[in-house]
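Now for the letters of each chain:
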Amino acid sequence: MSKIKVGIIGTGGISHFHMNGYNAVPDMCEVTAVCDIDKEKVTAYAEKYGVKRVYTDYNEMMANEALDAVSVTTWNSAHCGAAVAALNGGANVICEKPMAMNAAEAKLMEQAAIRNGKLLQIGFVRRFGTDAEAAKDFIDSGAAGDIYFANVSYLRRNGCPGGWFGDKFYSGGGPLIDLGVHVMDLARYLAGCPSPVAAYGVTFDNIGNAAQGGDKAWTAETTGGFARNVEDFATGFIRFDNGFVMHVAASFNLNIKHDTGDVEIFGSKAGIKLGNPSAYFKSDGTDGLIDDEKYSKASGFNDIFTYEIAHFIDCVANNTPCCAPARDGVVLMQMIDAIYESAATGREVIIGG
Ligand SMILES: NC(=O)c1ccc[n+]([C@@H]2O[C@H](COP(=O)([O-])OP(=O)(O)OC[C@H]3O[C@@H](n4cnc5c(N)ncnc54)[C@H](O)[C@@H]3O)[C@@H](O)[C@H]2O)c1
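Keep in mind the model is a prediction, meaning the values are calculated, not measured.

What follows deals with the sheet that holds strand S10 (residues 245-251). Strand order in the open sheet formed by nine strands is S14-S13-S12-S11-S7-S10-S9-S8-S15, and the pairing between neighbours is mixed. Every interior strand has two partners, whereas the edge strands, strand S14 (287-290) and strand S15 (349-350), have only one. Sheet strands touched by helix H6 (residues 130-140): strand S7 (147-155), strand S11 (260-267), strand S12 (270-273), strand S13 (278-282) and S14. Its angle to S12, the strand with the most contacts, is close to 170°. On top of the sheet, helix H8 (residues 175-190) reaches S7, strand S9 (233-240), S10 and S11; it is set at about 155° to S10, its chief contact.

This part takes up the packing of H8 against helix H11 (residues 326-345). At a minimum axis distance of 10 Å, the contact between H8 and H11 shows a crossing angle of 125°. Relative to H11, H8 is oriented oblique. Where H8 crosses over H11, the handedness of that crossing is right-handed. Where H8 abuts H11, its residues Leu176, Ile177, Val181, Met184, Asp185 and Arg188 lie against Asp328, Val331, Leu332, Met333, Met335, Ile336, Ile339 and Tyr340.

In the neighbourhood of the ligand, 25 residues make up the surrounding shell, with Ile14, Asp36, Lys41, Asn76 and Trp164 lying closest. Gly13 is positioned such that a nitrogen or oxygen atom in its backbone is 2.9 Å from an oxygen atom of the ligand. Between an oxygen atom of the ligand and a side-chain N or O atom of Lys41, the distance comes to 2.7 Å. Under a 2 Å grid-point criterion requiring more than half of the atoms, the pocket assigned to the ligand is the largest pocket. Where the shell around the ligand is concerned, the elements lending two or more residues are H8 and helix H10 (301-318). For the shell around the ligand, a count of residues per class yields 12 nonpolar, eight polar and five charged. Here the shell around the ligand spans two domains, and each of domain 1 (4-123) and domain 2 (127-296 + 331-350) adds at least three residues to it.

Criteria and thresholds
- Residues numbered from 1 in each chain as written.
- Predicted model: local features only at pLDDT ≥ 70, side-chain atom pairs only at ≥ 80, totals over all residues.
- Heavy atoms only, no water.
- Pairing = 2+ DSSP bridges.
- Helix = DSSP H or I, 4+ residues; strand = E, 2+ residues; numbered from the N terminus.
- Contact = heavy atoms within 4.5 Å.
- Axes fitted to C-alpha atoms, helices over the stretch in contact; angles between N-to-C directions.
- Parallel < 35°, antiparallel > 145°, perpendicular 65-115°, else oblique.
- Left-handed = near helix turned anticlockwise from the far one by under 90°.
- Near = heavy atom within 4 Å.
- Polar contact = N/O pair within 3.5 Å; in protein donor to acceptor, adjacent residues only side chain to side chain.
- 1 Å grid on protein atoms, 1.4 Å probe; cavity = no way out; pocket = protein on both sides within 12 Å on 5 of 7 lines; lining within 4 Å.
- Sits in = over half its atoms within 2 Å of the grid points.
- Nonpolar A, V, L, I, M, F, W, Y, C, P; charged D, E, K, R; others polar.
- Domains from an automatic or database assignment.

Here's what the structure looks like:
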């Protein structure tokens, strides 16, 4: 079989991890074209990895190249346009998280995949960690009983990434859409992917906001010419159709000592806290680590991207069912939209009603 031809749209920070993933399966695929609106950046990137075909317009790239697969690793506001162009151009797509700016865009992307008969995988990379694998096996075995509550957080003390991440026009929102999305997806995935029915949320903006004299106010240096108009902190509560509930908290700025990221999920027989290794706490009073040998493989940041990309390529090459499909991205965007809408209105928001 000939190698899968891959294109990458957006050659910033995270695209290097996608490139490493493709380069880890060189018999299966080859990155043959790259694209970024920043000509200097994409040229340097192409030189670094020896890619010959270089573009500053993804429509042109899709028209000129016969690509089988495309990574969309742009800032969030370009995900929808780039993914739809790639799908319409006949490629299978892996799109970084968050899937899009909102659920409406996410649905357009999902429909483009269905219309073109192509795969659209969402970059829920945390699903590929051994902590998640161990917890999923434990839950799927029935050892945790019925899952009814998850408490998830991704809290950065002063972790504003700066640049476009703080500009709603490019990001769609702050820590909830950027960081919360990881842990919200993980909890829903571990709970068996139930459907959300309602959400209540609150956001705060009182530490990073210069206009409010915040202690960690963003400066022109950290925003790099972008606006700064996203929340510091978001929290939300989501109810699902099977009775499962989730509490989420995510921050760019919060007065805590250290950054933390926690996923705890609770069932009628046991609770689980994700970690390396993940731990369980049973209602009979026993506890322990889920540290079977099979969960001992490397699970660092680069490793989980390598597993994610290997899975994408396997799906494209062998029609393997995708474990992070577009539908899950759409549902996550519905959950995020609902929390932001609730924060704006002060009311519970019904999802999918
Ligand atoms: N999975 C993870 O853990 C993880 C971590 C970091 C970032 N991300 C996601 O990856 C994406 C990129 O983040 P990043 O940190 O690499 O950002 P970045 O700013 O380093 O790179 C984004 C690149 O996209 C390019 N771009 C923007 N619009 C474009 C367009 N229309 N066509 C082509 N290129 C375009 C920009 O010029 C920039 O080079 C974001 O969606 C982010 O949420 C995921």
